[in-house]
Structures are given as C-alpha cells and as structure tokens.
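Residue-level listing of the chains:
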Amino acid sequence: MEEPKSEKTGNDHELDQTSNDTTDEFYVDPIKEKKLLAKLDLAFTPIIMLVYLSCFLDRSNIGNVKVAGIMTDIHASNSQFSTAVSIFYATYVTFEAPAAIAMKKVTPRVILTTLCIVWSLTTIFTGFIHNVGGLYATRLILGACEAGLFPCLNLYLTMVYRREEQAKRVAYLFSCSALSGAFGGLLAYAILQMDGVSGVAGWRWVYIIEGIFSILIAVVVFFGLPNDPSNAWFLTDEEKDMMRCRNAQRAAYLGSEKFSWEEVRIAATDPKLYMSGAIQFMQDILLYGFSTFLPSILKAMKYDTLQSNYLTIPVYLWGAVSFLCVAWFSDKWSLRGPFLIFANVFGILGYILLLTVKQNGVKYFATYMCAVAVYVGPGINLTWLNVNIAPHYRRAAAIGFQQSIGNTAGIVAGQIYRTAPYKLGNGFSLGALCLSQCLILGKIWYVKRQNKYKEEVREEKRSDERRVKTGDRDVGFVYHI
C-alpha cells in the first residue's frame, strides 16, 4: 500500500504535524495531482497575471509619460513630478494590511473586482487632468485602490498551493511587474503615435486606453476567480476531493476559517516579519526606482523618447525570465535566502557599472544585470515569508504588514531619481542592495536557529519555553531557509 503524500515543510522535507496527525489520513495520487496542478495553473494563472499586469501598468505608466510631455502640459517641475510618484505610496502602504485581513470576509471575488474597477476609472480620469494637483489626487486614489491587490492575490495563491509550490506562482505575479514594463513600453510606444489625434496629447491617450483595458480585466476577475478554489466550477468531483485532501494535509498551514485578533497580534510580534519587511524595503527601492524610471535612465544615455521606451522591453522580459528560472529552483530545493543573495550579486555588479562606466552600450548591458535583482529579490523574499507563517489569518496579517513596510520604499524611489544622469538613485540602490545582503544573512541565521531549537525540543534535549506553540511555531513545522 502506498504511503500518503504529505506536504514538505523544510529542506529535509519533514512533515507539518497537526494534533490529530491528519496528514497521515489522506492520500493524493501524484500523477493525478500533477494534472490537477496543471489545470489550476491554466485556470488561475492567466487571470492573476492579467489583473496584476493591468495594476502595475496603470501604476508605472507615469514613467512612460514623463518622457512624452506630461510635465510641460500640466506645468509640473521635476520636484513636483517626483512628489507625484512618491505620494502614491502614502495611501498604498496604509491600506495593504487591512485589505489582506479582510479578504476572506469580503470574499476574494468582490474585493478584487471592486478594486480593479475603481483604479481603472481613476487611470482613465488621469488622462483628463490639467494641473499637478489633479495628478496628485489621481495618484492618491490609485494607491488606495491598488494597495489591496498584491497582498490579496498573494494570499489567494496560499489558499491553492502547497508551500513548496508557491515560489513559481509568486514568480508569475512578479514577472507581471516585469512584463508590465515591457508591455507598458511597447504599448506606450504605440499609443504615443496617436499624439494629436482628436486634439489629444499622446500621453493622455496612454492613460485613457490603458484604463479601458483594465476595466475589461475587472470583468474577467469577477467571473474567473472563485471565492473557494477547492470548489471551483471547472473542477470535477474527483478533483474537488483531491483539493480537500490537499487542504487537510496542510490544515496547520491553512488554519481556521474564523478570524482571530490573537493571530494578528502574533504576526505583529514575529521577528521574521520585521526582518522580511526590512529586506523587502531594500529590494523595493530597486523595484520601484527601476520600473518607474528606466525610460528616463535610458533617455539620459542620449536615446530619444521612442527609443527610451522600446529599449526597456527586452530588459523587462529578461527580468521576468530570470525570476521564473530562479523560482523553479527555489521551489525544487525549498531554499529562499541563498537564491536572494545569488540574485543580488548581479544587481550589485549592474549598479556599479551604471555608476562607473561611460560607454552607453555597457550601461545598457548593466540594466539587464540590475533586472535580475530587481525582480527576483522582492518575489523570493515574499515567498520566504509566505511559506514560514501559518495559519491563514496570521499569514494574512504578516503579508499585509510586510508589504506596507516594504512599499514605503516607493516614497524613497520617487525622491532619489530626480535629475539625469541619476547617480543619486543608482548609488542609493547599490547601497540598499548591499544592506539587503547583510539582512538576508541575518535572517538565514535566525531561521536556522529556530529550526535547531524545534529539533532539540522534538528530541527532548530541551524543554519548550515558548509562549506560542501553534501554527508555524509548532515543533513539527520546519522553516524554509
């Protein structure tokens, strides 16, 4: 008789334990499970990628329109434009944690569709502004609406996939931030050709057309994402049973359906959260600076407006491909921290080249190196938190808090990339990467120390003196390094 399949919880693939050893009572045929995962990916991944693509597109297109005349038309100075970039994150970081915690109560379908509709309309209205005050207002509304999207999508993935299956799926999300840069550059290049059509400036058409595209995505989200993935309409009865078995195997990870403020409090006092938040802050300085200002960085290399948009496309695509490759190995070996360090080395070398060389060809090559750290870093770090926090509401709070901490980097990014040739922005990003490496090493040490403590308790070499012993604090829950 075959042994039941259990969820891997650490590098040595030890099992999550529940009070009734439920993981030993359920079996899922691995061949059928592989087909189930392919079906889930085919159903959920395109929708999740599309909605995050539209979100990041609407957020970052401000970088594309900067080189297309928006500053002149709304009479904005460089400092005012930088403020417009930064002010987005004032509301963005405020609403992330509440949205993540509320998702199950409001239901994923309702919260995601509503957010998508409101930010789409805001994007369209941005095409009709005539002064910098209007830009400030739309950026604040956009930040409030987009705040809940990434934490909710990320949390939704944890409702569907096991711990060792998540990095690849988070990679789909973060690859969309890269693809939005590529698609945004290509789309902006095409739409800017409409400059003057019906007497409307090209940058205004960028906002109007991209906003209409996002509204169409909202419809897809409403009909495509079920509130309960285990009972999705496209699953057969056998596949629904398999989903229930998978959920039972990882019951300690999923946790109770009932909201608990105690779980929020535990998350808020977890050292892993603050170490992860600090790393995310450093990595997000790169993400938001690079994704927003890459067209401006290229224009500072003497490329014209159209070239500085379409030359971003292969850079962003390379960032997406790099992340997908790294995520595959990260899941295969259930390793997170070492891959973060590996990816950041490329970014460090890239920013050094941007700061020290004068040849534009070499500088352009350096942007490809930077792209590896820009997209791999935030995604793998978030996955590292996802897989090491349980149950659901503790994880929801931790994801929201971590994203709020990390995304304050957007405020910084808007202030450090002010004037060409952007030495302050590139130098600051290099320093953030170096500090992130130190923080990652510190978190690896802490996680290993916690695993060793649990191992000694299991082997009865020491008594368990911790106050919290449930969820990820259970002695059978092995943290990913």
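Parameters at a glance
Residues numbered from 1 in each chain as written. Predicted model: local features only at pLDDT ≥ 70, side-chain atom pairs only at ≥ 80, totals over all residues. Heavy atoms only, no water. Helix = DSSP H or I, 4+ residues; strand = E, 2+ residues; numbered from the N terminus. Rg over C-alpha atoms; globule rule 2.2 N^0.38 Å. Buried < 20%, exposed > 50% of the residue type's maximum accessible area, 1.4 Å probe, protein only. Contact = heavy atoms within 4.5 Å. Areas by Shrake-Rupley, 256 points an atom, 1.4 Å probe, with all protein chains shown as cover. Lys, Arg positive; Asp, Glu negative; His and termini not counted. Charge placed at Lys NZ, Arg CZ, Asp CG, Glu CD. Salt bridge = Lys/Arg side-chain N within 4 Å of Asp/Glu carboxyl O. pLDDT = per-residue confidence, 0-100. Axes fitted to C-alpha atoms, helices over the stretch in contact; angles between N-to-C directions. Parallel < 35°, antiparallel > 145°, perpendicular 65-115°, else oblique. Left-handed = near helix turned anticlockwise from the far one by under 90°. Expected span 1.5 Å × (residues − 1). Bend = angle between axes of the 7 residues up to and from the residue. Phe/Tyr/Trp six-rings, centres within 6.5 Å; stacked < 30°, edge-to-face > 60°. Patch = residues over 30% accessible without salt bridge, like charges linked within 9 Å, V, L, I, M, F, W, Y side chains within 5 Å. Nonpolar A, V, L, I, M, F, W, Y, C, P; charged D, E, K, R; others polar. Disulfide = S-S within 2.5 Å.

## Topic: the overall build of the protein
Here is step 1 of the chain: When helices and strands are tallied, the protein shows 19 helices and 0 strands.
Here is step 2 of the chain: Here the protein has a C-alpha radius of gyration of 22 Å; the compact-globule value for 481 residues is 23 Å, and the two agree.
Here is step 3 of the chain: Once the C-alpha set of the protein is aligned to its principal axes, its extents read approximately 70 × 45 × 40 Å.
Here is step 4 of the chain: The proportion of buried residues among the 481 residues of the protein is 60%.
Here is step 5 of the chain: At a minimum sequence separation of 6, the contacts of the protein that also span at least 24 residues come to 81%.
Here is step 6 of the chain: For the protein, the exposed area adds up to about 18200 Å²; of that, 66% sits on carbon and sulfur atoms.
Here is step 7 of the chain: Considering the protein, the positive charge centre built from 46 side chains and the negative charge centre built from 40 side chains are found 7 Å apart.

## Re the pattern of salt bridges
Side-chain pairing between opposite charges can occur once the charged atoms of the two side chains come close.
Here is step 1 of the chain: Counted according to the given criterion, the structure contains 22 salt bridges.
Here is step 2 of the chain: Measuring nitrogen to oxygen at the nearest pair gives 3.6 Å for the salt bridge that ties Glu 165 to Arg 162.
Here is step 3 of the chain: Among the residues examined, Arg 162 registers a relative accessible area of 0% and is labelled buried.
Here is step 4 of the chain: The residue Glu 456 makes a salt bridge to Lys 452 at a minimum N-O spacing of 3.6 Å. On the criterion of helical spacing, the pair formed by Glu 456 and Lys 452 is a turn pair, its members being 4 residues apart in helix α19 (residues 423–458).
Here is step 5 of the chain: Among the charged side chains, a salt-bridge network with shared partners connects Glu 263, Asp 270, Lys 272, Arg 394, Asp 472 and Arg 473.

## Focus on the side chain of Arg 246
Here is step 1 of the chain: Of note, Arg 246 is situated in helix α9 (residues 237–249).
Here is step 2 of the chain: Look at Arg 246 and you get buried, because its relative accessible area is 1%.
Here is step 3 of the chain: With sequence-adjacent residues up to four places away left out, Arg 246 is seen in contact with Val 28, Glu 33, Leu 36, Leu 37, Val 160, Tyr 161, Arg 162 and Glu 165.

## Some remarks on the confidence of the model for the protein
Here is step 1 of the chain: Counting all residues, the mean pLDDT for the protein is 88, and 93% of those residues have values of 70 or more.
Here is step 2 of the chain: Segment residues 1–23 is flagged for pLDDT under 50; beyond a separation of four residues in sequence, or across chains, it makes 66 contacts in the model.

## Focus: the packing of helix α12 (residues 271–299) against helix α17 (residues 392–407)
Here is step 1 of the chain: At a minimum axis separation of 7 Å, α12 and α17 run at an interaxial angle of 45°. Taken together, the axes of α12 and α17 lie oblique to each other. The handedness of the crossing between α12 and α17 is right-handed. Contact with α12, carried on its side by Leu 273, Tyr 274, Ser 276, Gly 277, Ala 278, Gln 280, Phe 281, Asp 284 and Tyr 288, involves Ala 398, Phe 401, Gln 402, Gln 403, Ile 405, Gly 406 and Asn 407 of α17 and no other residues of that element.

## What about helix α3 (residues 78–106)?
Here is step 1 of the chain: When the terminal C-alpha atoms of α3 are compared, their 40 Å separation across 29 residues agrees well with the 42 Å that a helix rising 1.5 Å per residue should span.
Here is step 2 of the chain: The largest bend in α3 amounts to roughly 35° and is located at Ala 100.
Here is step 3 of the chain: Just downstream of α3 lies Thr 107, where phi reads positive at about 90°.

## A short note on the packing of aromatic side chains
Here is step 1 of the chain: Across all of its chains, the model carries 21 aromatic pairs by this definition.
Here is step 2 of the chain: With 5.3 Å between their ring centres and 35° between their planes, Phe 329 and Trp 333 make a pair best called tilted. One end of the pair is Phe 329 and the other is Trp 333, both in helix α14 (residues 312–333) and 4 residues apart, which spans about a single turn.
Here is step 3 of the chain: Taking relative accessible area as the criterion, Phe 329 reaches 35% and is therefore assigned partly exposed.
Here is step 4 of the chain: Since its relative accessible area comes to 44%, Trp 333 is described here as partly exposed.
Here is step 5 of the chain: The interplanar angle of 80° and the centroid separation of 5.3 Å between the aromatic rings of Phe 342 and Phe 346 together place this pair among those described as edge-to-face. Linking Phe 342 with Phe 346, this pair stays in helix α15 (residues 337–356), spanning 4 residues, or about one helical turn.

## Topic: a nonpolar patch on the surface
Here is step 1 of the chain: Among the surface-exposed residues, Ile 117, Val 118, Leu 121, Phe 125, Phe 128 and Ile 141 lie close enough to one another that they form a single nonpolar patch of about 540 Å² accessible area.
Here is step 2 of the chain: Per-element tally for the nonpolar patch: the top contributor is helix α4 (residues 108–126), with 4 residues.
Here is step 3 of the chain: Mapping Leu 121 onto the fold places it in helix α4.
Here is step 4 of the chain: Residue class for Leu 121 comes out partly exposed when judged on its relative accessible area of 35%.

## Some words on the environment of Met 71
Here is step 1 of the chain: In this structure, Met 71 sits in helix α2 (residues 70–73).
Here is step 2 of the chain: Expressed as a C-alpha distance, the spacing of Met 71 and Asp 474, which sit 403 residues apart in the sequence, is 55 Å.
Here is step 3 of the chain: Not counting chain neighbours up to four residues away, the residues in contact with Met 71 comprise Lys 66, Ala 76, Ser 77, Asn 78 and Phe 81.

## Observations concerning the packing of α12 against helix α18 (residues 409–416)
Here is step 1 of the chain: Contact pair α12 / α18: the axes reach a minimum separation of 8 Å and the direction vectors enclose 50°. Considering their axes alone, α12 and α18 lie oblique with respect to each other. The chirality of how α12 crosses α18 is right-handed. Across the interface between the two elements, Phe 281, Asp 284, Ile 285, Tyr 288, Gly 289 and Phe 293 of α12 pack against Ala 409, Gly 410, Val 412, Ala 413, Gly 414 and Ile 416 of α18.
Here is step 2 of the chain: Of the residues contributing to the contact of α12 with α18, the split by class is 8 nonpolar, 3 polar and 1 charged.

## Here we look at the state of the cysteines
Here is step 1 of the chain: What the rule picks out here adds up to 0 disulfides.
Here is step 2 of the chain: Here Cys 145 stays unpaired: no disulfide links it, and the sulfur of Cys 116, its closest cysteine neighbor, is 10.0 Å away.

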